2 protein chains.
Amino acid sequence: MEKEKPVGVFDSGIGGLTVVKRIASVLPNESIVYFGDTARVPYGSKSNETVIEYSIQNAKLLLKKNVKAIVVACNTASSVAIPVLRDMFSVPVIGMIEPGSKMALRATRNGHVGIIGTRATVSNRAYSREIHQHNKDIKVIEQACPLFVPLAEEGWHESDAAALIAKAYLSPLREEHIDTLVLGCTHYPLLANVIQRTIGEEVLLIDSGIAAAEIVREELDRIGLMSNSNAMGRMDFYVSDIPSTFAKVAALFLEREIKQVTKVDLDYLQSLHG
Amino acid sequence: MEKEKPVGVFDSGIGGLTVVKRIASVLPNESIVYFGDTARVPYGSKSNETVIEYSIQNAKLLLKKNVKAIVVACNTASSVAIPVLRDMFSVPVIGMIEPGSKMALRATRNGHVGIIGTRATVSNRAYSREIHQHNKDIKVIEQACPLFVPLAEEGWHESDAAALIAKAYLSPLREEHIDTLVLGCTHYPLLANVIQRTIGEEVLLIDSGIAAAEIVREELDRIGLMSNSNAMGRMDFYVSDIPSTFAKVAALFLEREIKQVTKVDLDYLQSLHG
């Protein structure tokens, strides 16, 4: 029965649905319980202390839903909360930073790797630290792109404004002649086209969600908890708030209809504090 | 002693500091206690139910700081929570919608008034309802501008991207030949230049914060609680989170140095629920 438990995924909001999509594609028979902290989104502009506290509450909520592993599908939370969560809980905790870094290390040819993410992810230098643990010679250039999240959520992917903003953010990375660029925020795959055009077709984009889904598969295999089911896994969605545009934006992220979404009371969530 | 109590101001984050600036300019001798809910910002993309709950907690926090009046310096919270707050508390509660609407009614010559705000403010049609209570013949055109807040907070006021985004948002209002435009979000005064250029120099921009500051003066006068002090009022700042960029962004909004900011524990805030 342990094997048929769901995989838990949490994010600050709906961006993590791009990661759910990757996991479902790599592991179609696994069930997934998703929690999006939409009442307290975004995390990228908040302090590390606050992000860690929220992450503990979110992980506890998923464990109450009986998950066999926890995926932190938020780069900001991954960059500060993973060690705390691993200390507190016995299930595997998979973040975005290690998988994305590992893939970038394998991909780069010239050793110049770019990282784009929220202010919090970049100021924590989480990707640089992870990459340098494996190879000190890699030149890592990190760039915060705070306007990318609202552009993605508003559906302005192909606008001239998005192109101008991408050019402003990505020029410093172009000047460093990176050959690999990590999309260090779960929203960014939605902007992959404009990012690719701006940074140049020769640069390889790394989707941390794809990298993380692969690690989820490896981890479940390692602990012997891969589902035996032949049926398509079920997906259950929980959020701390259901704003009016939720269904529309969620469909944009997941590229599939979301039938039921359950609201988690914020008082209850807050009561799960560390 | 009642007269020397501070005026309480709360906002979802730091945008309300533009309102504090207006109040301090109209009422320089009044002391102000400001609370910015930076751990749960923004409100504009959240449900009405959640925004009401947060607003009650914020008001209760200010009352514990002994305020003689409460200014809801957030259009989203004003558009949904004012009636609830007035029912619950005996001090005057001043929002953004009534003052901004009143000023627009006085200003318009052709009866075509534009309103720009967050998704929540616009979908609540709070300004339309308020204006139509006084004059049913006014044509009110509301437009959500969700990308304006991140542009303002990132300091992209004068960028080409801001100009493109402003053009996209404001074209429908231009087509309706408005002669008055209400800046229905406390962040928007920071973008006043690009908004004015885009909508046309002949359109009058209404800063709801200026309108609200005037109403605060009227209300304090009406209840006989205007400060007798000749000294400059003191300002105390409380926030639910202190992110790394707080001081920089706050200085941008208030155009004055903020010496001390106190963090309010989120557990405590949540314990004040309605």
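Just above, that's the structure.
Caption draft 1: Broad picture of the overall build of chain A. Of regular secondary structure, chain A possesses twelve helices and ten strands. The C-alpha atoms of chain A give a radius of gyration of 18 Å, which matches the 19 Å a tight globule of 274 residues would have. Counting only C-alpha atoms, chain A reaches 50 × 40 × 40 Å along its principal axes. For chain A, with 274 residues in total, the buried portion stands at 62%. Partitioning the contacts of chain A with sequence separation of at least 6, the portion at a separation of at least 24 is 77%. Of the accessible surface of chain A, which amounts to about 11100 Å², a share of 50% is contributed by carbon and sulfur atoms. For chain A, the centre of its 29 positive side-chain charges and the centre of its 32 negative side-chain charges are spaced 2 Å apart.

Caption draft 2: How the structure looks around the packing of aromatic side chains. Under the defined criterion, the tally for this structure stands at ten aromatic pairs over all chains. Grouped by ring-pair contacts, the aromatic residues F148, Y169 and Y188 of chain A together with W156 of chain B constitute a single cluster. Note that R40 of chain A overlies the ring of Y54 of chain A, its terminal NZ or CZ placed 3.8 Å from the centroid.

Caption draft 3: Looking closely at the interface of chain B and chain A. At the junction of the two partners, chain B supplies 33 residues and chain A supplies 33 residues. Area buried by chain B at its contact with chain A is led by L147, E154 and W156 of chain B, which between them contribute 19% of it. Applying the counting criterion to the chain B and chain A interface returns four salt bridges. The shortest N-O distance in the salt bridge between E49 of chain B and K263 of chain A comes to 3.3 Å. Elements represented by at least two residues in the side of chain B that touches chain A include exactly α2 (48–64), α7 (148–153), α8 (160–175) and α12 (266–271) of chain B. Of all the elements, α8 of chain B adds the most residues to the side of chain B that touches chain A, at six residues. The class makeup of the residues in the side of chain B that touches chain A is 17 nonpolar, seven polar and nine charged.

Caption draft 4: Broad picture of the pairing of strand β3 (residues 69–72) of chain A. Residues and elements named next belong to chain A. Going residue by residue along β3, you find A69 and V71 tucked away on one face and I70 and V72 tucked away on the opposite face as well. Sheet topology note: the strand β1 (residues 7–11)/β3 ladder contains four bridges and is parallel. The partner of V9 across the bridge, within β3, is V71. Sheet topology places β3 next to strand β4 (residues 93–94); two bridges connect them, and they run parallel. Of the residues in β4, the one forming a bridge with I70 is V93.

Caption draft 5: Up close: the sheet that holds strand β2 (residues 32–36) of chain B. Pairing within the open sheet is parallel, and its six strands lie in the order β4-β3-β1-β2-β9-β10 (chain B). The sheet terminates laterally at β4 (93–94) and β10 (261–263) of chain B, the two strands that pair on one side only.

Thresholds applied
Residues numbered from 1 in each chain as written. Chains lettered and ligands numbered in written order. Predicted model: local features only at pLDDT ≥ 70, side-chain atom pairs only at ≥ 80, totals over all residues. Heavy atoms only, no water. Helix = DSSP H or I, 4+ residues; strand = E, 2+ residues; numbered from the N terminus. Rg over C-alpha atoms; globule rule 2.2 N^0.38 Å. Buried < 20%, exposed > 50% of the residue type's maximum accessible area, 1.4 Å probe, protein only. Contact = heavy atoms within 4.5 Å. Areas by Shrake-Rupley, 256 points an atom, 1.4 Å probe, with all protein chains shown as cover. Lys, Arg positive; Asp, Glu negative; His and termini not counted. Charge placed at Lys NZ, Arg CZ, Asp CG, Glu CD. Phe/Tyr/Trp six-rings, centres within 6.5 Å; stacked < 30°, edge-to-face > 60°. Lys NZ or Arg CZ within 6 Å of the ring centre and 35° of its normal. Buried area = accessible area lost by both parts, 1.4 Å probe. Salt bridge = Lys/Arg side-chain N within 4 Å of Asp/Glu carboxyl O. Nonpolar A, V, L, I, M, F, W, Y, C, P; charged D, E, K, R; others polar. Pairing = 2+ DSSP bridges.

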